[in-house]
Amino acid sequence: MKQIEAIIRKSKFDDVKKALHQIEVNFFSYWDVTGVGNEKQGHVYRGISYSTSDIQRRYLSIVVSDEFVQRTVDTILETAYTGNVGDGKIFVSEVLEAYRIRTKESGQSGIN
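Presented here is a report on the structure given in the accompanying data block. (Residues numbered from 1 in each chain as written. Predicted model: local features only at pLDDT ≥ 70, side-chain atom pairs only at ≥ 80, totals over all residues. Heavy atoms only, no water.)

**What to know about the layout of surface pockets**
Where we set the bar: A pocket, in this scheme, is an open set of points on a 1 Å grid over the protein atoms alone with protein on both sides within 12 Å along at least 5 of 7 lines, while a cavity is a set where a 1.4 Å probe fits but cannot get out; residues line either one if an atom lies within 4 Å of a point. Grid points are joined across faces, edges and corners, and a volume is the space filled by probe spheres set on the points.
As a volume, the second largest pocket reaches approximately 360 Å³. Taken together, 16 residues make up the lining of the second largest pocket; nearest its centre are Phe27, Val63, Val64, Ile111 and Asn112.

See the structure below:
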């Protein structure tokens, strides 16, 4: 099992969520987060300068079986992409064990 953590634009969240459901990734957690990015310059909108050093994003945490990892990552990469600075990041890490509290199932059946 793997945990996929993705930090994406808030404006792309609904598209990513729909795309994940289409590939049968139906359970994940998400949070609104603020981070600091690499871009050091501000943006000007209607004559007002806005700082882009503190960036509002959505953080997704998804645990999937090993065979779903690449499909999930590819879906996020394709759906969250705008081609602009600040599209986000994806991290994949190993999950040693998972448990479903209600049924006490563990391992693969604990996440399905």
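Here the narrative resumes.
**Concerning the sheet that holds strand S5 (residues 54-64)**
Test applied: Being paired, for any two strands, means DSSP has found at least two bridges between them. Numbering of helices and strands starts at the N terminus; helices are DSSP runs of H or I of at least 4 residues and strands are runs of E of at least 2. Think of each axis as a best-fit line through the C-alpha atoms, taken over the contacting stretch in the case of a helix, with angles from 0 to 180 degrees between the N-to-C directions.
Strand order across the open sheet formed by four strands is S2-S5-S1-S6, with antiparallel pairing between neighbours. The open sheet has two free edges, formed respectively by strand S2 (29-36) and strand S6 (88-94), since each of these has just one partner strand. Each neighbouring strand pair of the sheet contributes to a mean axis angle of 25°, computed without reference to strand direction. For strand S1 (residues 2-9) and S5, the ladder comprises eight bridges, and the chain directions are antiparallel. Across the sheet, Ile8 pairs through a bridge with Arg58, a residue of S5.

**Examining unusual backbone geometry**
In terms of backbone geometry, most residues other than glycine have negative phi values and most peptide bonds are trans. Test applied: Only protein chains enter the accessibility calculation, which uses a 1.4 Å probe; a residue whose area is less than 20% of its type maximum is buried, one above 50% is exposed, and one in between is partly exposed.
Of note, Glu24 is a non-glycine position whose phi angle comes to about 70°, a positive value. Here Glu24 shows up in the loop between helix H1 (13-22) and S2. The exposed category is assigned to Glu24, whose relative accessible area is 60%. The phi angle at Lys104 is positive, at roughly 65°, despite the residue not being glycine. Inspection of the secondary structure puts Lys104 in the segment after S6.

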